[in-house]
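# Inside the fold
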Amino acid sequence: MFNNLLLDNRINIAVIVGVVLVLAFAVSFTQIEKQAVSQDSDIVTDELITHWLEKYDPSEQTISVTGSATASSNPDTLIVILGVESEAKTANESLSKNSNSLNSVISSLTNSGISKDDIQTSNFRIYPLYDSIKDSNGNYQQILIGYRVSNILSIQTDKIDSAGNIIDAAVSSGANRVDNVSFQLSEDKLQKIADDLIADAINDATQKAEKALVPLKQKIVGVKSVIVHDNIMPYYEPTFRTAYDGIAESAMKSAPIMSGEEEIRTDVGVVFYISQM
């Protein structure tokens, strides 16, 4: 009886060990199979190679060239920055004084032919004024002595020859700040000139490419890409800049202010396909 029980236990242990070995083998086989599938997925197929060659042809020959074109044009827009600064003991008094002077300036400008639509506020400021006073102890104290109001106008008009008249009218009626006078191209005119220059810039790029290809015995057979660089804004140098207070009117009468030509430039980048002649 005891021997039979011992034999049964041995059989059970053997069965359990066998099951464990089978399971371990199955797990190992599954991992190997997954690795094999993973390796198969990394294989580069002929179709993939063909697609890559069609998209990225290593034999493709190109040349990259930059072309440019420039043009000069007379400005069609005048911009004048001027205004009034006023000082008084109180903020209300300074503001009232400034408003009266500025209204007089605006009225004088409109009477000289400038439309109200061409006049707008460019900058407005009101701030306190202080002075340093030495007290009985020898210390300096900041004492409020008044307020300053600054109201600056921007006049933008297509009356390109009226800069002197605008300044004369403004100064005669109370303006004591003339900050800037500039001549510019309007956005519409600037864009039209830049668009017309694109073709010239592309022709310039084509000529450069053709000259470069002659000694290489190559020729242009197509265009891969064209990029137009959006840098059409010309640089404007202010013709007249000053800030003053209390300058005599006679110093500003019939101020001779003249505009000059502005240069506009358009650049393009072109990539050409090339081949042997």
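The rules behind the values
Residues numbered from 1 in each chain as written. Predicted model: local features only at pLDDT ≥ 70, side-chain atom pairs only at ≥ 80, totals over all residues. Heavy atoms only, no water. Pairing = 2+ DSSP bridges. Helix = DSSP H or I, 4+ residues; strand = E, 2+ residues; numbered from the N terminus. Axes fitted to C-alpha atoms, helices over the stretch in contact; angles between N-to-C directions. Contact = heavy atoms within 4.5 Å. pLDDT = per-residue confidence, 0-100. Buried < 20%, exposed > 50% of the residue type's maximum accessible area, 1.4 Å probe, protein only.

## Looking at the sheet that holds strand 1 (residues 62-73)
Read across the open sheet, the 3 strands follow the order 1-7-6; overall the sheet is antiparallel. Edge positions in the open sheet fall to strand 1 and strand 6 (218-229), since each of these has one partner strand only. For this sheet, the mean angle separating the axes of adjacent strands, direction not counted, is 30°. As judged from the 10 bridges shared by strand 6 and strand 7 (residues 262-276), these two strands associate in the antiparallel manner. Its bridge partner being in strand 7, Q218 is matched across the sheet by Q276. The strands that helix 5 (residues 187-213) touches are strand 1, strand 6 and strand 7; relative to strand 1, the one it contacts most, it runs at about 140°.

## Description of the confidence of the model for the protein chain
In the predicted model, the protein chain carries a mean pLDDT of 79, and the fraction of residues at 70 or more is 69%. The model gives residues 19-30 a pLDDT under 50, and that stretch makes 0 contacts with residues more than four places away or in other chains.

## Structural notes on the environment of D161
Within the secondary structure layout, D161 lies in the loop between strand 4 (140-157) and helix 4 (163-172). D161 gets classed as exposed once you look at its relative accessible area, which sits at 71%. For the pair formed by D161 and T77, sequence separation is 84 residues and the distance between their alpha carbons is 9.7 Å.

## Description of the sheet that holds strand 2 (residues 77-88)
Whenever strands of a sheet pair, they do so through backbone hydrogen bonds, lying parallel or antiparallel. With antiparallel pairing, the 4 strands of this open sheet are ordered in space as 3-4-2-5. The open sheet has two free edges, formed respectively by strand 3 (119-134) and strand 5 (177-184), since each of these has just one partner strand. When strand polarity is set aside, the average angle formed by the axes of neighbouring strands in this sheet is 15°. Two strands pair when backbone bridges link them, and strand 2 and strand 5 are joined in this way by 7 bridges, in the antiparallel orientation. Note that in strand 5 the partner of T77 across the bridge is Q184. The strands touched by helix 3 (residues 91-111) are strand 2, strand 3 and strand 4; relative to strand 2, the strand with the most contacts, the crossing angle is about 150°. Each of strand 2, strand 4 and strand 5 is contacted by helix 4, which is oriented at about 15° to strand 2, the strand it contacts most.

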